[in-house]
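Chain and residue survey
What follows is the residue order along each chain.
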Amino acid sequence: DVQAVFGGIEYDAAGNIVSAKAVKVVYQMNDDESGEPIELASAAFEDQMNYMIGPDWTLDPPISEGSAWTRDGGEGPVDFESSSVDLYPETHAAIGVQLRGSIGGDVSSLTIGIMLIIVYALLVLARCHPVRSQALLALAGIASCGLAIGVSYGLTTGFGVPLNPVVNVLPFILLGIGVDDMFVLLNSLEATDDDLSVEEKIGQTMGMAGVSITVTSLTDMFAFLLGVSSSLPALSDFCIFAFIGILFDFFFQITFFAGWMVLDTRRQKANRIDGFPFIKRTTDTVACCCFPSCGRIFAAPAGGRLRWFITKFYVPALQPAAVRAIVIAVFFGLFGFMAYAASNLEQDFDYRWFVPSGAKLHETFELKDEWYGSYSGPPVWVVTPDSEVFDYSLIPEQGRLDNLAQIVQENEWILPSSVTAWYALYREYVWECGQVVAPINTTCIATNATCLKRECTDASGELCYPYCSFGKVQRSSTGEPLIDANNNTLRGAALDKYLVDSEGNALPDGIPVEGSYLPPAYFWSWLDQFLSDDPRGAAVASNFVWRADSYVRSEAEVARGIRGARFRAVYEDIEKAQDQIDSMTSLRSDVESAGVGDENASYPYMFAYLFYEQYAVIVREAIVNLVLALTAVFFITLLVMGNLGATLLVLLCVLMVDVDILGLMWLWDLTIDSVTIINLVLAIGLTVDYSAHVAHAFLMAQGTHLERMNHALIEMGTAVIHGAFSTFLAVLVLAGADSYIFTVFFKQFFGICLFGATHGLVFLPVVLSFIGPSASEPFDKQHGKRTQDEPVQEMTKPSHADVKETRTANVPGTAAAISAGQQDV
């Protein structure tokens, strides 16, 4: 169809084409497995061509060297300049190259985000006190995360699992989870009695916080382990990396980092300076300045300012039952709205999303849309089977082959007149030999009279169309035509070409081409001649894979047939994911119905089917992986916590957060695809971290439901806030990301941090205060074991005036008053 080749066509009043603004030229490149020489050469050719058209069309510097650009000399000898023609290339590797470039830049931003997490951890733990500071311990915690990252990449790639672009976010995930666990452990360690021995302090810490991080780590691990079964390769591979990483993140936290906790606790008991454990503190002056008053200026309440704020302001704000009821109503209202928003989500994907917004390639996309419209759809190939499975030469099989092309052309998703079927061209090539042609020029046809094409001669009596009466041109091993002593081209044996009917009988000249067939006896030899000698055949020669891998095939090699063949069609421009799925399944069904070979022996294929296949299963995969992850959360949390009520409430929080994120996706113009599904599975794991710590602390606390809520918030609130805020701070760096993967990562992790933290610190404690499960057996803090007879500590709720008028805040659920004037940080 001319509209598939020419764009911006203008017509005169009679409907004739008078001009066009663009012409589309397609070059088919050889290809092979990734990393193979042919594949690398093709990619290099495309890259050099892009650079020749303009340096903006490739990366800086280009990914290859060649005649357009070299590393040593810069500009190569091949260049393109034109004042009248603009070229807009779109190569097979273009999107991959652009994705590589954009991810490279965004990985730098991700690195900055990782550094922010590290700096934040140091700022929180490097307190302005020479002994109480834990900067060196913070570095040890970060180092344990680094070890887990290294093991994850090394071990997983060692097993042959391929890297994919989504795996680039894994260091960020593992560092966030590891730092969160570090804050939980140190928060619990700080809450232990300083009069205990080092062994007792560490034992009590691991007995309390260790259980909490075990719950979160195991749920994360098993959620990703179950995700390995996904039929989406990118998701499955990512889950393998994440499972190994989280496993070793947990392992190094309870071994490597726990060992550093022991050393740091001994250092503090010995009154030695942080970072310089060989130096013992001899004065009370803090390390940050030289003036005695510095301690009063920079000192924070015991447990830190954040813990003081939670105790003095946040926890009291949640005491009225009306406030807690409003909190529950607001969160369920948000859940309902986000559920509605999530119901509007669509599955969609466009490979153009992987191209950065400022890339030159978008100009090609825009011009294709403007000039070609619906004719800018992708080409699709219909592959037919091995000749040993399907004998192309037999007349019934030729009929099926011809019918296949017609069925494809009649498919509702295929552009009109876009099918280029080699069989139809081949049959027409032979059919034309028996047709009457008019004189073309005086040098070929001797007279002005018409003649049969096979009989037309020039003035010297030589045939104008010798292929109609002879075999193919004889060639050297390099493909050059052979000539005789008289400089005449050597040809095969003399034999007039003709067509036959369905019974195999020769048809007379001049009959219509429809209903005719190639003689089975000459099918392969004439096909080889058509592909070798005729320009039309040369245009489709690359669509055959001959059984004999020879540049110039002998008669015996030709007779062996082919391993497969294909022909080309063009889809309409289809935008909706569901329409793309329908177009794929519809064409597959039509091709199958033609009966060319056994079941699935013939099939349509194009590169975009990789995305269409994803669309076809993405909703099912999303549901399956989310259900599996939630199942892992339920059973692991139940197994470790041993309380069904707490487990169900944690599961409720996780479910609500995932629904909220789905709603946020719709509000933020995201769709359901493999990238967003991976982040949703991540959301389950990270949300467990925010909720399980609080739920476990609630179970361990004694007293009334309200007192236990207060205790859980005071004991775990600081760690959860630090973990969530450090991740959120790092995510903000990706707000301006160019690549689709990191843009989606930012948007979804924004929701994970926001909804996960608020559900863990606001919604869950409030719900627990109303319907929380009974407390677990009291914990003997002196001996690190549970006891049956420890009395519940009597707690009194201070009046508003007491809180306002005194410098200490006694809040239900905590026995220690937080003094605003204490010297220790």
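Bear in mind that the values here come from a model prediction, so they are computed numbers and not experimental data. All residue numbers refer to positions counted from 1 along the written sequence of the respective chain. Given that the model is predicted, a residue must reach a pLDDT of at least 70 before its local features are reported, and side-chain atom pairs must reach 80 or more before they are shown or counted; all residues, however, enter totals for whole chains, interfaces and linings. Just so you know, side-chain values use all the structure's heavy atoms and leave hydrogens and water out.

1. Concerning the overall build of the protein
Helix and strand definitions follow DSSP, with helices as H or I runs of at least four residues and strands as E runs of at least two, each counted in order from the N terminus. Along the protein, the regular secondary structure elements total 23 helices and 16 strands. Throughout, a contact is declared for two residues whenever any of their heavy atoms are within 4.5 Å. The contacts in the protein between residues at least 6 apart in sequence include a share of 69% that link residues at least 24 apart. In these tables, accessible area is a Shrake-Rupley quantity obtained with a 1.4 Å probe, and a residue counts as shielded only by the protein chains included in the view. Just so you have it, the protein exposes about 37,600 Å², and 59% of that area is on carbon and sulfur atoms.

2. A closer look at the pattern of salt bridges
Once their charged atoms are close, side chains differing in charge can pair, the charge on each being opposite to the other. In what follows, salt bridge is the name for a side-chain nitrogen of Lys or Arg lying within 4 Å of a carboxyl oxygen of Asp or Glu. What the rule picks out here adds up to 21 salt bridges. Salt-bridge contacts for Lys-201 lead to Asp-194; the nearest nitrogen and oxygen are separated by 3.4 Å. When a residue's accessible area, from a 1.4 Å probe over protein chains only, is under 20% of the maximum for its type it is buried; when over 50% it is exposed; and in between it is partly exposed. Since its relative accessible area comes to 46%, Asp-194 is described here as partly exposed. Between Lys-453 and Glu-432 there is a salt bridge, and its shortest N-O distance comes to 3.0 Å. Of the two residues, Lys-453 is situated in the loop between β11 (451-452) and α14 (523-533) and Glu-432 in the loop between α13 (422-431) and β10 (436-437); the sequence distance between them amounts to 21 residues.

3. Focus: a nonpolar patch on the surface
Note that patches include only residues with greater than 30% relative accessible area and no salt bridge, and the join distances are 9 Å for like charges and 5 Å for nonpolar side chains (Val, Leu, Ile, Met, Phe, Trp, Tyr). A cluster of nonpolar side chains, contributed by Val-2, Val-5, Phe-6, Tyr-11, Ile-17, Val-23, Val-25 and Tyr-27, occupies part of the molecular surface with about 760 Å² of accessible area. Within the secondary structure layout, Val-2 lies in helix α1 (residues 2-5).

4. Structural notes on unusual backbone geometry
Of note in this structure, Asn-271 is not a glycine but carries a positive phi near 60 degrees. With respect to the element layout, Asn-271 can be found in the loop between α7 (233-269) and β7 (272-273). Under the relative-accessibility criterion, Asn-271 is labelled partly exposed at 28%. You will see that Asp-669, though not glycine, has its phi angle at about 60 degrees, which is positive.

5. What to know about the packing of aromatic side chains
Given two aromatic rings, their pairing is described by the distance between the two centres and the angle made by the two planes. The aromatic pairing rule takes the rings of Phe, Tyr and Trp, using the six-membered ring of Trp, and pairs them if the centres are within 6.5 Å, calling planes under 30 degrees apart stacked, those over 60 edge-to-face and the rest tilted. A complete count under the given rule lists 39 aromatic pairs for this structure. Measuring from centroid to centroid gives 5.5 Å for Phe-728 and Phe-750, while their planes differ by 50 degrees, and the two rings are tilted. Here Phe-728, found in helix α21 (residues 705-732), pairs with Phe-750, found in helix α22 (residues 740-771); they are 22 residues apart in sequence, far enough to count as distant. For Phe-750, a relative accessible area of 24% corresponds to the partly exposed category. Among the aromatic residues, those joined into a cluster by ring pairs are Phe-390, Tyr-392, Trp-422, Tyr-423, Tyr-426, Tyr-429, Tyr-467, Phe-523, Trp-524, Phe-530, Phe-544 and Trp-546. Note on criteria: charge over ring means Lys NZ or Arg CZ within 6 Å of the ring centre, with the direction from the centre no more than 35 degrees off the ring normal. Its end group placed over the ring of Phe-770, Arg-324 keeps NZ or CZ at 4.7 Å from the ring centre. Across from the ring centre of Trp-381, 3.7 Å away, lies the NZ or CZ of Arg-566, which sits over that ring.

6. A word on the pairing of strand β13 (residues 562-570)
Any two strands between which DSSP finds at least two bridges are classified as paired. Sheet topology note: the strand β9 (residues 379-384)/β13 ladder contains six bridges and is antiparallel. Each bridged residue has a counterpart across the sheet, and for Val-383 the counterpart in β13 is Arg-566. Pairing of strand β12 (residues 544-546) with β13 involves three bridges; the strand directions are antiparallel. Following the sheet pairing, Trp-546 is matched in β13 by Ile-562.

7. Topic: α14
Here α14 lies mainly inside the structure; eight of its 11 residues are buried. On its buried face, α14 is in contact with α12 (395-410), α13, α15 (535-540), β12, α16 (555-559) and β13.

8. Some points on the state of the cysteines
By convention in this document, the label disulfide applies to cysteine sulfur atom pairs within 2.5 Å. A full pass over the atoms with the stated rule returns two disulfides. A sulfur-sulfur separation of 2.1 Å characterises the disulfide bridge that pairs Cys-433 with Cys-468. The chirality of the disulfide connecting Cys-433 with Cys-468 is left-handed, given an S-S dihedral of about -80 degrees. Within this pair, whereas Cys-433 is found in the loop between α13 and β10, its partner Cys-468 is found in the loop between β11 and α14, the two being separated by 35 residues in sequence. For the pair Cys-433 and Cys-468, a shared accessibility class is recorded, and that class is buried.

9. Let's talk about the packing of helix α18 (residues 609-641) against helix α19 (residues 644-667)
Following both chains from N to C, one finds α18 and α19 inclined at 150 degrees, their axes separated by 9 Å at the closest point. The orientation of α18 with respect to α19, classified from their angle, is roughly antiparallel. Judged by the sense of rotation from one axis to the other, the crossing of α18 with α19 is right-handed. On α19, the residues touching Leu-626, Leu-630, Val-633, Phe-634, Thr-637, Leu-638 and Met-641 of α18 are Leu-644, Ala-646, Thr-647, Leu-648, Leu-651, Val-654, Leu-655 and Asp-658. Here an angle of 0 to 180 degrees is reported between the N-to-C directions of two axes, which are lines fitted to C-alpha atoms, with helices fitted over the stretch in contact. Under this scheme an angle from 65 to 115 degrees is roughly perpendicular, one under 35 degrees roughly parallel, and one over 145 degrees roughly antiparallel; angles in between are oblique. Note on convention: the crossing is left-handed when the near helix lies turned anticlockwise from the far helix by less than a right angle, right-handed when the turn is clockwise.

10. Quick look at the confidence of the model for the protein
Per-residue confidence for the protein gives a mean pLDDT of 83, with 88% of residues at or over 70. Of the regions scoring below 50 in pLDDT, residues 781-825 engages in 86 contacts with residues more than four places distant in sequence or in other chains. Across the chain, each position has a pLDDT score giving the predictor's confidence in that residue, from 0 to 100.

11. Observations regarding helix α20 (residues 674-700)
By this rule the span expected of a helix is its residue count minus one, scaled by 1.5 Å. The end-to-end C-alpha distance of α20, which contains 27 residues, comes to 40 Å, matching closely the 39 Å that a straight helix rising 1.5 Å per residue would cover. In terms of residue burial, α20 counts as a mostly covered element, since 27 of its 27 residues are buried. Looking at where α20 begins, the residue whose side-chain oxygen comes 2.9 Å from the main-chain nitrogen of Val-675 is Asp-673. We define a polar contact as two N or O atoms separated by no more than 3.5 Å, with the added condition that, inside protein, one atom must be a possible hydrogen donor and the other a possible acceptor, whereas residues neighbouring each other in sequence contribute only through side-chain atom pairs.

12. Focus: the environment of Leu-404
Tracing the sequence through the fold places Leu-404 in helix α12. The class for Leu-404 is buried, based on a relative accessible area of 0%. For Leu-404, the residues in contact, after removing those within four places along its chain, are Val-382, Thr-384, Phe-567, Val-591, Ala-594 and Val-596.

13. Concerning the nonpolar core
Counting residues in hydrophobic clusters, the biggest one holds 202 residues, and the most contacted among them are Phe-172, Phe-238, Val-408, Trp-422, Tyr-426 and Leu-527. The contact partners of Val-408, leaving out residues within four places of it in the chain, are Val-382, Ile-414, Val-419, Phe-567, Ala-569, Leu-587 and Val-591. Formed by six residues, the second largest nonpolar core is a distinct cluster that contains Ala-4, Ala-22, Tyr-372 and Leu-415. Working definition of a nonpolar core: buried Ala, Val, Leu, Ile, Met, Phe, Trp, Tyr and Cys residues. They are joined through side-chain atoms within 4.5 Å.

14. A short note on the pairing of β9
Most of β9 sits inside the fold, with five of its six residues counted as buried. Across three bridges, the pairing between β9 and strand β14 (residues 603-605) is antiparallel. Residue Trp-381 lies in a different strand from β14, and its bridge partner there is Tyr-605.

15. A look at the side chain of Asn-625
The topology assignment puts Asn-625 in helix α18. Those residues in contact with Asn-625 that lie beyond four places of it in its chain are Leu-226, Gly-227, Ser-230, Leu-235 and Val-681.

16. Observations concerning the packing of helix α10 (residues 321-343) against α22
Packing of α10 against α22 brings their axes to within 10 Å, and their N-to-C directions diverge by 130 degrees. In terms of orientation, α10 lies oblique with respect to α22. The handedness of the crossing between α10 and α22 comes out as left-handed. Where α10 approaches α22, its residues Ala-321, Arg-324, Ala-325, Val-327, Ile-328, Phe-331, Phe-332, Leu-334 and Met-338 are matched on the opposing element by Phe-755, Thr-758, His-759, Val-762, Phe-763, Val-766, Val-767, Ser-769 and Phe-770. Here the term charged refers only to Asp, Glu, Lys and Arg, the term nonpolar to Ala, Val, Leu, Ile, Met, Phe, Trp, Tyr, Cys and Pro, and the term polar to all other amino acids, Gly among them. Broken down by class, the residue content of the contact of α10 with α22 amounts to 14 nonpolar, three polar and one charged.

17. Comments concerning the side chain of Asn-643
Structurally, Asn-643 is set in the loop between α18 and α19. Judged by its relative accessible area of 16%, Asn-643 is buried. A polar contact is formed between the side chain of Asn-643 and the backbone nitrogen of Gly-645, at a distance of 3.0 Å. Excluding its chain neighbours within four sequence positions, the residues that come into contact with Asn-643 are Leu-638, Leu-699, Pro-773 and Ser-774.

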